[in-house]
Each structure stands twice: as C-alpha cells, then as structure tokens.
Amino acid sequence: VHDRQGQPVLQTESAAEWFRAPQSEVRKALEEAAFEAHRTQREQAGAADIPEERLVAALLRVAGSGVHHAQVLDYIRDRAGLIINRGERVYSFPHRTFQEYLAARHLTVTSFPAKLVELVRVEPERWREALLLAGARAARTPFAAWALVGKLCPEPCIPAGASAASDPDYTMAMLAGRLLVETRIGLATTLDTDDRRKLDNVRAWLAALVEGGHLPPADRAAAGVALARIGDPRKGVGLRGDGVPDIDWVTVEPGPFVMGAKKASWDLAKDTPQFNCQLIRQAYRLSRYPVTVAQYEAFVETGGYREAKYWTKAGWQRRQSDKRERPEDYDEVYQMPNHPRVGVSWYEAVAFCRWLSAQLGFEVSLPTEAQWERAA
C-alpha cells in the first residue's frame, strides 16, 4: 500500500483480521491453549511442547468462515511470532513466563478465583507464578484481588504447630502475603472492614508460618519479607505506641548446666570442652528475638549516634573517627523492619543497650557467653 504522498508502506494483517474473528476471541483461544499446555506439561521448566493438531484446532474454533487448517498452519509458521516451531509438528510459546502469563489470563475469567486456588493447592510449584500473574491482573479491580486473598487464606488462622494445618495451608498463606505486597493492595492506608479482616488473617498465618518453621527456607524467608511489608503483628519485633522497642522478655531460671561442646561436635571443640557451669545464680530475662531493624532504627532516629553518654569512651572515639551516623546497610532484604539488625559493631550494640536502659528504666545489656548458652 502507499501513504498520501505515494510512498510505499509495508502493512500486515493483525491476527484478528487474518482469522476473521474478534481479537478478543483469538486471544482467548491462545490463552486456553497456554493453560492446557501448562496444565499437562510434565517438566517444571521451559515452555511446553504443543502438538500441531491441538494448536490448530484451538484456533480454528474461533476462526471465521473460509479459514481452513492449512491457512492456520501457514499463519503459525510464517507470521505469528507468539508461537515458535520446536520440531516436526510441535510448537511452543517463546518462553515459560509467557505461557504462564497467558494461562493466568485464562484463569482470571474461568471460575475465578476458585479454580485457580484449587490448582495451586494441588500443585503449588506448577501454578504459583500463574497465580501471582493472575493476581496482578485481578488487582485492577481490588475487589477481585481481595476475593483471591480470601480464598487463599481461609479464616481463622490455625495456630503454629496445630495438627490441622499443613504445608499446603502455609504455602497458600505465603502466596497470599506475596500477592498483597506485589499488587500493593495490602499496603493501602484505607481498607474497609472486610478487607482489613482478611489482611489481619494473612498476617496471623504468616506469623504462624515463620514461628513454626514451616516450608523450605526460601519460602519461609519470602513469608517473612511479606510480613514485614504488610505489618508484623508479633510481640517483640516492633515498637510500642510510644516509639520504644517492644521487647518480648523470656525469663531464664538460674542453676547449673552443662556448658561447652562435645569433642566430636565441631572442629574447635577442644577449645571449649564441656563442663558443669555454676555461673547462673539468679534469674534473668533475655529478648525472645534478636534486635530488629525497626527497633534499632528508633535508637538512630532519636539521636543515639549524637549522644556520647550512651557510648563507651573507645566506642565514641571510633564513631567520631569513622564519622558514622548510623549502622552499615547491606542488601534490601536485610533492611526489612522485622529482620535482625546487621551491620553493627560491638560498640554500637552496647550503645543501643545503654539507650534502651534509659528508655525502660532498668539495666539492659548484652548477654554473657554463659547467659546466652544457658538460654539456648
């Protein structure tokens, strides 16, 4: 064809024009083909092989009159781009993520969200990415995304360690947490009563998950990150209403105990032989969790690095020499509010304890080696 100035312009028909069918129908056919390919794929990596007959049949169902098998095959081979040839009469989508994306689109309009949740519960590894992609699409209408969250994480939460809860339950809770964060619906400042209840329920499930040590470490870590983003409800990991660290103190009773390592337990056992320790003569309290990022940040924000009274003499000199105004920050995952604070020296840890003592009105210190091992 030519433009208004008579210059030649290349032009090609869209898939909808070529198939003589509405674009939405062609897209639905491809989405259903992707879903079936993903559902029946044996391998959990790469895009699925799709037999030529199945692919052509799916497209012919939506094609207009006059479009035949050979024409569809010609279009797939020479013009589509969305589908690639893998060999003799075998095709696939370009990569697995695209296959999952199309499958997710299919699932958002097919018995959503019940069918999607059922698939994830039975085969979480196969469907988890499709679920997150479907959730992102559903989040265009927050009501739909919250409906998915409600299906993933039924109410009420089963306490950590309860026999009625299973790994699939916790996997669903982990995915609900990721969905809340990645779609940002769980980060909204205003929620109605129903959505707030669902959010609180996911928080409770995630807390039970990490407390109970459920799921493999990578999934448990993902749950912890999601919990940090939507608000960790556990006592001992955040701040009180007045901005002071909310420490969950655990009482440790006095008495003798076996301290040290067995000879065969680790390479340096010869330097720490076992003996009957008599040093713990009175009860003490130890924080249930390591000091978190949120708790240490309260020390930083209230001027702890500008007050010499909280530091040892050597520590203050070191801080001034290094011109240090806050602890060293590493990758983002280490900066989650509920993550243990890393990147601090012994001097900084002691300064934090002295500051916290002033806030609480009683002495707080780092545990001695004997106190730590007795508590453990």
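Shown above is the structure to which this text applies.
Residues numbered from 1 in each chain as written. Predicted model: local features only at pLDDT ≥ 70, side-chain atom pairs only at ≥ 80, totals over all residues. Heavy atoms only, no water.

1. Remarks on helix H10 (residues 193-212)
- In this model H10 runs 28 Å from its N-terminal to its C-terminal C-alpha over 20 residues, within 8% of the 28 Å that 1.5 Å per residue would give.
- Along H10, the residues classified as buried are Asp195, Lys198, Leu199, Asn201, Val202, Arg203, Trp205, Leu206, Ala207, Ala208 and Leu209.
- Here the buried face of H10 lies against helix H8 (142-152), helix H9 (167-182) and helix H11 (217-230).
- One side-chain oxygen at the N-terminal end of H10 lies 3.2 Å from the backbone nitrogen of aspartate 194; it belongs to aspartate 192.
- Glycine 213 lies just past H10 and shows a positive phi near 70°. (Helix = DSSP H or I, 4+ residues; strand = E, 2+ residues; numbered from the N terminus. Expected span 1.5 Å × (residues − 1). Buried < 20%, exposed > 50% of the residue type's maximum accessible area, 1.4 Å probe, protein only. Contact = heavy atoms within 4.5 Å. Polar contact = N/O pair within 3.5 Å; in protein donor to acceptor, adjacent residues only side chain to side chain.)

2. Quick word on the packing of aromatic side chains
- Under the definition given, this model contains 16 aromatic pairs.
- A centroid spacing of 6.0 Å and a plane angle of 70° characterise the contact between phenylalanine 93 and phenylalanine 98, whose relative ring orientation is edge-to-face.
- With a centroid separation of 5.7 Å and 70° between ring planes, the pair formed by tryptophan 346 and tyrosine 347 is classed as edge-to-face.
- For tyrosine 347, a relative accessible area of 26% corresponds to the partly exposed category.
- Taken together, Tyr296, Phe299, Tyr305, Trp311, Trp316, Phe352 and Trp355 form an aromatic cluster joined through their ring pairs.
- The ring of tyrosine 289 carries arginine 234 above its face, with NZ or CZ at 5.2 Å from the centroid.
- The ring of tryptophan 316 has arginine 319 lying over it, and the distance from NZ or CZ to the ring centre is 4.5 Å. (Phe/Tyr/Trp six-rings, centres within 6.5 Å; stacked < 30°, edge-to-face > 60°. Lys NZ or Arg CZ within 6 Å of the ring centre and 35° of its normal.)

3. Regarding the pattern of salt bridges
- Taken as a whole, this structure holds 27 salt bridges when the rule is applied.
- Here arginine 234 ties to aspartate 232 by a salt bridge, and the two come within 2.7 Å at their closest N and O atoms. The residues arginine 234 and aspartate 232 share a single accessibility class, namely buried.
- Taken together, the shared-partner salt bridges in this structure form one network comprising Glu155, Asp194, Arg197 and Lys198. (Salt bridge = Lys/Arg side-chain N within 4 Å of Asp/Glu carboxyl O.)

4. Section: the nonpolar core
- Formed by 44 residues in total, the largest nonpolar core has its most connected members in Trp127, Leu152, Leu180, Val202 and Leu206.
- Mapped onto this core, the elements with two or more residues apiece are helix H5 (96-107), helix H6 (114-122), helix H7 (124-138), H8, H9, H10 and H11.
- By size, the runner-up hydrophobic cluster in this structure holds 24 residues, among which are Ala29, Leu30, Leu55 and Ile76. (Core = buried A, V, L, I, M, F, W, Y, C linked by side-chain atoms within 4.5 Å.)

5. Things to note about the sheet that holds strand S1 (residues 50-51)
- One open sheet accounts for 3 strands, arranged S1-S3-S2; its pairing is antiparallel. With partners counted over all chains shown, the strands left at the sheet margins are S1 and strand S2 (84-87), one partner each.
- Inspection of the sheet shows S1 paired to strand S3 (residues 90-92) by 2 bridges, in the antiparallel sense. Bridging from a neighbouring strand, proline 51 pairs with valine 90 of S3. (Pairing = 2+ DSSP bridges.)

6. Details of the packing of H8 against H9
- Axis separation between H8 and H9 bottoms out at 9 Å; the angle between their running directions is 160°. The orientation of H8 relative to H9 falls into the category roughly antiparallel. Viewed along their axes, H8 and H9 form a crossing whose handedness is left-handed. For the pair formed by H8 and H9, the contact residues are Ala145, Trp146, Leu148, Val149 and Leu152 on the first element and Met172, Leu175, Ala176, Leu179 and Leu180 on the second.
- Across the contact of H8 with H9, the residue classes break down as 10 nonpolar, no polar and no charged. (Axes fitted to C-alpha atoms, helices over the stretch in contact; angles between N-to-C directions. Parallel < 35°, antiparallel > 145°, perpendicular 65-115°, else oblique. Left-handed = near helix turned anticlockwise from the far one by under 90°. Nonpolar A, V, L, I, M, F, W, Y, C, P; charged D, E, K, R; others polar.)

7. Points about a nonpolar patch on the surface
- A contiguous nonpolar surface patch, about 270 Å² in accessible area, is contributed by Tyr330, Val333 and Tyr334.
- As for its placement among the helices and strands, tyrosine 330 is situated in the loop between helix H13 (313-322) and helix H14 (346-360).
- By relative accessible area, tyrosine 330 is classed as partly exposed at 42%. (Patch = residues over 30% accessible without salt bridge, like charges linked within 9 Å, V, L, I, M, F, W, Y side chains within 5 Å. Areas by Shrake-Rupley, 256 points an atom, 1.4 Å probe, with all protein chains shown as cover.)

8. A few points about the environment of serine 24
- Locating serine 24 in the fold gives a position in helix H2 (residues 23-40).
- For the pair serine 24 and valine 62, spaced 38 residues apart in sequence, the C-alpha separation works out to 9.9 Å.

9. Notes on unusual backbone geometry
- Cis rather than trans, the peptide bond between phenylalanine 112 and proline 113 has omega equal to 0°.
- On the secondary structure map, proline 113 appears in the loop between H5 and H6.
- Between glutamate 155 and the following residue, proline 156, the backbone shows a cis peptide bond with an omega angle of -10°.
- Within the secondary structure, proline 156 is located in the loop between H8 and H9.

10. Thoughts on H2
- Between its first and last C-alpha atoms H2 spans 26 Å; for 18 residues at 1.5 Å apiece the expected length is 26 Å, and the two agree.
- The set of residues buried in H2 consists of Val26, Ala29, Leu30, Glu31, Ala33, Ala34, Phe35, Ala37 and His38.

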